[in-house]
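For reference, the chains in residue letters:
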Amino acid sequence: MVALGIDIGTSAVRVAVFRDGEPELVQFPDGAHNAPAVVAMGGDSIRVGRVALGRAATHPAQTVRGIKRLLGRTKDDPVVERIGATTAFGIEADDEGKLVLQLKGEPTEPEEVAAALLRYLVEVVEQRTGDRASQAVLTTPYWYGPSQRKALSEAARRAGLATLQVLSEATATALSLLTAEAGTRTIAIVDVGAGGCTASVLEVGPGKVQLAGSAGDPLGAGEDVDRGLVRAVVKGLKQSLGDFPSNPAVDEMLRQTCEGAKKDLPKMSSVTAVIPFLPVGTGLYNQQILIERDSFHLLLADTEKRVEAACRNALTEAGVEPGELHAVYATGGMMRLPSLQTRVEIVLGPIDSRKIDPDGAVALGAAYQAGMLAGAVDSIPVLDVQTATSLPP
């Protein structure tokens, strides 16, 4: 039996196992160490990861991205309202006020979508290791509250996983640094991914890991930037081509095109992309678009303000001055953008990325904690915040 460390991101999922005395990222069938956090449900068919993403443009009403942001929320939550404005499936509330997703007319609880994602991770681990996977340390961002932690743990239960602990992502990242850090040090970890931003200050050393302060925001990160970029592209296309009908399939193609362009913009001044099968007039056209980095940076203003505020608030909560930090680490795909790196460094100081896997650190640290809880390695005190949430029976 093997214990897992699981990082359910908004855009991607990762899983690590603890064996032979150290945590190890699990490789997915395509050779990558992550899979898209996408689930497609229709009838008795469930597809997860890259297969689901590949069908998103043709089956948008059955496809859910970033289920992490919907878990444990109510219909009137600002995050749900923002997401619901752009999804092809309906988001409703049942008689008890809990969220229900209408996936091609079939009511589905968010926990069931997340469970499908977790079951896929279990299957991949068992195929790769040959061991049974039945327990896991789950990770959540700062802005996850008790209802969201409970919803994630319920999803794990439905996937056949016992939850060893629900750990904050920052604490998990710090655990992945244990072998790299000498002595007790005060560090900051800033994570800006698809679903939100978090800044945390921690005491890390051979004897313990303690979260001293954390702050963050569930809005304004990668997914919201993608939506803003799509709106800007659509506006430009309509100015040059005239009005054209919008539908979920076109929206998904635009989104995937903009996501790809966003990844290239940090190292290029502009990106040329092609949107296939754009309905203009009476025909379908492959339309070429140009996205300039300077124009893209204008869309980041809100994100930059939220990230800077999170950094300042984390310092205040921890009672630490920037000069007292021994190191600053950055994780999450959005932190590859130079403008966000600059905002972080203005507040906290230079970012050190030499000792950390910016994509895999959360899963690796969670697997290390799973190893300690399972007795596979000597344990140390791990003082997290709000992780002792009572779990569903």
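**Here's the deal with the overall build of the protein chain**
Thought 1: In terms of helices and strands, the protein chain carries 11 helices and 19 strands.
Thought 2: For 393 residues, the compact-globule estimate of 2.2 N^0.38 gives 21 Å, and the protein chain sits close to it at 21 Å.
Thought 3: Looking at the protein chain residue by residue over its 393 residues, the buried ones come to 55%.
Thought 4: When contacts within the protein chain are restricted to residue pairs at least 6 apart in sequence, long-range pairs at least 24 apart make up 66% of them.
Thought 5: When the accessible surface of the protein chain is split by element, carbon and sulfur atoms take 49% of a total near 16,800 Å².

**Focus on the sheet that holds strand 7 (residues 63–65)**
Thought 1: Strand order in the open sheet formed by three strands is 6-5-7, and the pairing between neighbours is antiparallel. The two strands at the open ends of the sheet, each matched to only one other strand, are strand 6 (45–48) and strand 7. Pairwise comparison of adjacent strand axes, ignoring direction, gives a mean angle of 15° for this sheet.
Thought 2: Summarising the sheet, strand 5 (residues 38–42) and strand 6 pair through four bridges and their orientation is antiparallel. The residue bridging glycine 42 from the neighbouring strand is serine 45, located in strand 6.

**Observations regarding the sheet that holds strand 10 (residues 106–108)**
Thought 1: Strands sit in the order 8-9-10 across an open sheet of three strands; the sheet is antiparallel. Looking at strand neighbours, the two that pair on one side only are strand 8 (90–93) and strand 10, the edges of this open sheet. Ignoring which end each strand starts from, the neighbouring axes of this sheet average 35° apart.
Thought 2: Bridge analysis of strand 9 (residues 99–103) against strand 10 gives three bridges, and the strand direction is antiparallel. Bridging from a neighbouring strand, leucine 103 pairs with glutamate 106 of strand 10.
Thought 3: Contacts from helix 3 (residues 110–129) reach strand 9 and strand 10 within the one sheet, and its direction differs from that of strand 9 by about 70°.

**A short note on the environment of leucine 71**
Thought 1: Within the element layout of this structure, leucine 71 appears in the loop between strand 7 and helix 2 (78–84).
Thought 2: Taking the C-alpha atoms as reference points, leucine 71 and threonine 272, separated by 201 residues in sequence, lie 36 Å from one another.
Thought 3: Leucine 71 has contacts with Pro110, Glu111, Ala114, Tyr144, Gln148, Ala151 and Leu152, leaving out every residue within four places of it along the chain.

**Brief notes about the packing of helix 6 (residues 222–241) against helix 7 (residues 248–264)**
Thought 1: Interhelical geometry of helix 6 versus helix 7 gives an angle of 110° and a closest axis separation of 9 Å. Here helix 6 lies roughly perpendicular to helix 7, going by the angle between them. Remark: the crossing between helix 6 and helix 7 carries right-handed chirality. Only Leu254, Arg255, Cys258, Glu259 and Lys262 of helix 7 make contact with helix 6, whose side of the interface consists of Gly222, Glu223, Val225, Asp226, Arg227, Leu229, Val230, Val233, Val234 and Leu237.

**With respect to helix 11 (residues 361–373)**
Thought 1: For helix 11, with 13 residues, the first-to-last C-alpha span of 18 Å sits near the 18 Å given by 1.5 Å per residue.
Thought 2: Helix 11 sits mainly inside the fold: 12 of its 13 residues count as buried.
Thought 3: Along helix 11, the positions that sit buried rather than exposed are Ala361, Val362, Ala363, Leu364, Gly365, Ala366, Ala367, Tyr368, Gln369, Ala370, Gly371 and Met372.
Thought 4: The positive-phi residue at the C-terminal boundary of helix 11 is glycine 375, with phi of around 80°.

**Let's talk about the state of the cysteines**
Thought 1: Scanning all chains against the criterion turns up zero disulfides.
Thought 2: Free cysteine: cysteine 197, not disulfide-bonded; nearest cysteine sulfur from cysteine 311 at 7.9 Å.
Thought 3: Overall, the relative accessible area of 3% leaves cysteine 197 in the buried class.

What counts and how
- Per chain, residues are indexed from 1 in the order of the written sequence.
- pLDDT decides what is reported in this predicted model: residues at 70 or higher carry local features, side-chain atom pairs at 80 or more are listed and counted, and totals for whole chains, interfaces and linings draw on all residues regardless.
- Heavy atoms throughout the structure, all of them, feed into the side-chain values; hydrogens and water do not.
- Helix and strand definitions here come from DSSP, where helices need a minimum of 4 consecutive H or I residues and strands a minimum of 2 consecutive E residues; each element is numbered from the N-terminal end.
- For a compact globule the rule gives 2.2 Å times the number of residues to the power 0.38, and the radius of gyration it is set against comes from C-alpha atoms.
- Each residue gets one of three labels from its accessible area relative to the maximum for its type: buried under 20%, exposed over 50%, partly exposed in between, using a 1.4 Å probe on protein chains only.
- Contacts are assigned to residue pairs with any non-hydrogen atoms lying within 4.5 Å of each other.
- Here, Shrake-Rupley sampling with a 1.4 Å probe gives the accessible areas, and only protein chains in the shown set may cover a residue.
- For two strands to pair, DSSP has to find at least two bridges joining them.
- Fitted lines through C-alpha atoms give the axes, limited to the stretch in contact for helices. The angle between two N-to-C directions lies from 0 to 180 degrees.
- With respect to orientation, any angle under 35 degrees is reported as roughly parallel, any angle over 145 as roughly antiparallel, any angle of 65 to 115 as roughly perpendicular, and every other angle as oblique.
- The handedness criterion is simple: a crossing whose near helix is rotated anticlockwise from the far helix by less than a right angle is left-handed, and one whose near helix is rotated clockwise is right-handed.
- Between the first and last residue of a helix there are one fewer steps than residues, each counted as 1.5 Å, and that sum is the expected span.
- Disulfide assignment relies on a single distance test, namely cysteine sulfur atoms paired within 2.5 Å.

Remember that the coordinates give geometry; whether it matters functionally is a separate question.
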